[in-house]
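Report on the structure
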Amino acid sequence: MNTLNHLAIIMDGNGRWAKLNKLPRTAGHYKGVEVLRSITIYANKLGIKCLTVYAFSTENWKRSAEEVNYIMSLPKIFFSSYIKELMENNVKVMIIGDRDKIPAETMKVIDDAIDTTKNNTGLILNFAFNYGARDEIVKAAKKYAEDYKNGIVNDLDEESFSNYLYTAGLPEVDLLIRTGSEMRLSNFLLYQLAYSEFVVVDTLWPDFSNEVLDECIAEYQSRKRNFGGRDETKSN
Ligand code: FPP
């Protein structure tokens, strides 16, 4: 049985779902928020320790102002509806990404949720919000260089470098699920996904469900993880 401590999800397909249902794109994001709520509660019940979700990338600013503004309002919609339930389920909220460019009122809602849930010990719901992996790695390298110059550190290896990433202290990502059938990483967790298993499903994020998550986990459990070592069960 493969351990599943950290699940990461690229929640793709909100726009396509909206189009299929003859609705504005924003309706796809709204439905996506409801799905995120139920997957969070379910993942916590399954004993998963950390759920990192790609909610807004550093490239998503290129979308229309209307859509960007709507996505910036999603934390308010999500937390005002579900903070009570998150507390009842012992869920702790975190964020990774560049906070500086996020509108102050959106950041306040997120920081309030982080503060309210800070002593919870269940699942960590980690929002990648204004997140880009290349940006994260460059920032980490800059911070390391600064610490080196100031004599705070004098050596760099894979483990110590991880401590400069936004995900410092979180368990290794075991499984990445991407909904909406595209086979790409879209600048998500490039360093952290080195040995993760990938599952891509056709299901669009607003149609994702506990049952589809079960299927993804069953697929993950069928994989033989060898972290770059040799698989002794193969003949050559
Ligand atoms: C990608 O679908 C989805 C997003 C850019 C936004 C995802 C956000 C959520 C599901 C909710 C996050 C919740 C909070 C509280 C912030 P797309 O629009 O790229 O879909 P498409 O590929 O079909 O166009």
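Up top is the structure these notes are about.
Below is a short write-up of the structure. Just so it is clear, the model here is predicted, and its values are computed rather than measured.

Before going further, it helps to spend a moment on unusual backbone geometry. Positive phi values are uncommon outside glycine, yet Asn-90 reaches one of about 65°. Tracing the chain through its elements places Asn-90 in the loop between α3 (65-88) and β3 (92-96).

Let us now look at the packing of aromatic side chains. As enumerated under the stated definition, the model contains 15 aromatic pairs in all. Ring centres 5.9 Å apart and planes at 40° place the aromatic pair Phe-56 and Phe-129 in the tilted group. Residue Phe-56 is found in strand β2 (residues 50-57), and its partner Phe-129 is found in strand β4 (residues 124-131); the two are separated by 73 residues along the sequence. Judged by relative accessible area, Phe-56 falls into the buried class, the value being 0%. Classification of Phe-129 by relative accessible area gives buried; the value is 3%. Following the ring pairs from residue to residue traces out a cluster consisting of Tyr-54, Tyr-131, Tyr-166 and Phe-188. Just above the ring of Tyr-82 sits the side chain of Arg-37; from NZ or CZ to the centre is 5.9 Å.

This part is about the sheet that holds β4. One open sheet holds the six strands; their spatial order is β3-β4-β2-β1-β5-β6, and the pairing between them is parallel. Strand pairing shows two members of the sheet lacking a second neighbour, β3 and β6 (197-200), which therefore form its edges. The sheet shows a mean angle of 20° between the axes of neighbouring strands, direction not considered. Relative to β4, β2 runs parallel, the two being bridged by seven bridges. What sits directly across from Val-53, in β4, is Phe-127. On top of the sheet, helix α4 (residues 104-116) reaches β3 and β4; it is set at about 140° to β3, its chief contact.

Once that is clear, we can look at the pattern of salt bridges. Applying the stated criterion across every chain, the model contains 18 salt bridges. Close ionic contact of Arg-223 with Glu-197 constitutes a salt bridge, the shortest N to O distance being 3.0 Å. Of this pair, Arg-223 sits in the segment after α7 (210-221) while Glu-197 sits in strand β6, placing them 26 residues apart in sequence. What makes Glu-197 buried here is its relative accessible area of 14%. Within this structure, Asp-174, Glu-197, Glu-219, Arg-223 and Arg-225 form a network of salt bridges that share partners.

The next subject is helix α2 (residues 25-45). Between its terminal C-alpha atoms α2 stretches 31 Å, which fits the 30 Å expected from 21 residues at 1.5 Å a residue. Just past α2, the residue Gly-47 takes up positive phi, approximately 85°.

A separate point is the side chain of Thr-179. Secondary-structure assignment places Thr-179 in the loop between β5 (175-178) and β6. Classification of Thr-179 by relative accessible area gives buried; the value is 0%. In this structure the side chain of Thr-179 is engaged in a polar contact, spanning 2.7 Å, whose partner is the backbone oxygen of Asp-12. In this structure Thr-179 touches Ile-10, Met-11, Asp-12, Val-201, Thr-203, Leu-204, Trp-205 and Phe-208, once residues within four positions along its chain are discounted.

Right, let's talk about the site of the ligand for a bit. Close to the ligand lie 20 residues; Asp-12, Gly-15, Arg-16, Arg-25 and Arg-63 are nearest. At a separation of 3.0 Å, an oxygen atom of the ligand approaches a polar side-chain atom of Asp-12. For the shell around the ligand, the secondary-structure elements that each account for two or more residues are α1 (14-20), α2, α3 and β4. No other element matches the five residues that α2 contributes to the shell around the ligand.

Moving on: the packing of α2 against α7. Look at α2 against α7: their axes get within 10 Å of each other, and the N-to-C directions meet at 50°. It follows from the interaxial angle that α2 and α7 lie oblique. Like other packed secondary-structure pairs, α2 and α7 cross with a definite hand, here right-handed. On the side of α2, the interface is formed by Ser-38, Ile-39 and Tyr-42, while α7 contributes Asn-210, Leu-213 and Asp-214. A per-class count over the contact of α2 with α7 returns three nonpolar, two polar and one charged.

Below, the discussion takes up the side chain of Arg-178. Examined against the element boundaries, Arg-178 turns out to sit in strand β5. On the basis of relative accessible area, Arg-178 is assigned to the buried category, the value being 5%. At 2.6 Å, the side chain of Arg-178 and the backbone oxygen of Arg-184 are in polar contact. Of note is the side chain of Arg-178, whose polar atom sits 2.8 Å from the side chain of Ser-186. In this structure Arg-178 touches Ile-10, Asp-12, Arg-184, Leu-185, Ser-186, Val-199, Val-200 and Val-201, once residues within four positions along its chain are discounted.

About the criteria used
Residues numbered from 1 in each chain as written. Predicted model: local features only at pLDDT ≥ 70, side-chain atom pairs only at ≥ 80, totals over all residues. Heavy atoms only, no water. Helix = DSSP H or I, 4+ residues; strand = E, 2+ residues; numbered from the N terminus. Phe/Tyr/Trp six-rings, centres within 6.5 Å; stacked < 30°, edge-to-face > 60°. Buried < 20%, exposed > 50% of the residue type's maximum accessible area, 1.4 Å probe, protein only. Lys NZ or Arg CZ within 6 Å of the ring centre and 35° of its normal. Pairing = 2+ DSSP bridges. Axes fitted to C-alpha atoms, helices over the stretch in contact; angles between N-to-C directions. Contact = heavy atoms within 4.5 Å. Salt bridge = Lys/Arg side-chain N within 4 Å of Asp/Glu carboxyl O. Expected span 1.5 Å × (residues − 1). Polar contact = N/O pair within 3.5 Å; in protein donor to acceptor, adjacent residues only side chain to side chain. Near = heavy atom within 4 Å. Parallel < 35°, antiparallel > 145°, perpendicular 65-115°, else oblique. Left-handed = near helix turned anticlockwise from the far one by under 90°. Nonpolar A, V, L, I, M, F, W, Y, C, P; charged D, E, K, R; others polar.

What is shown is where atoms sit, not what they do.
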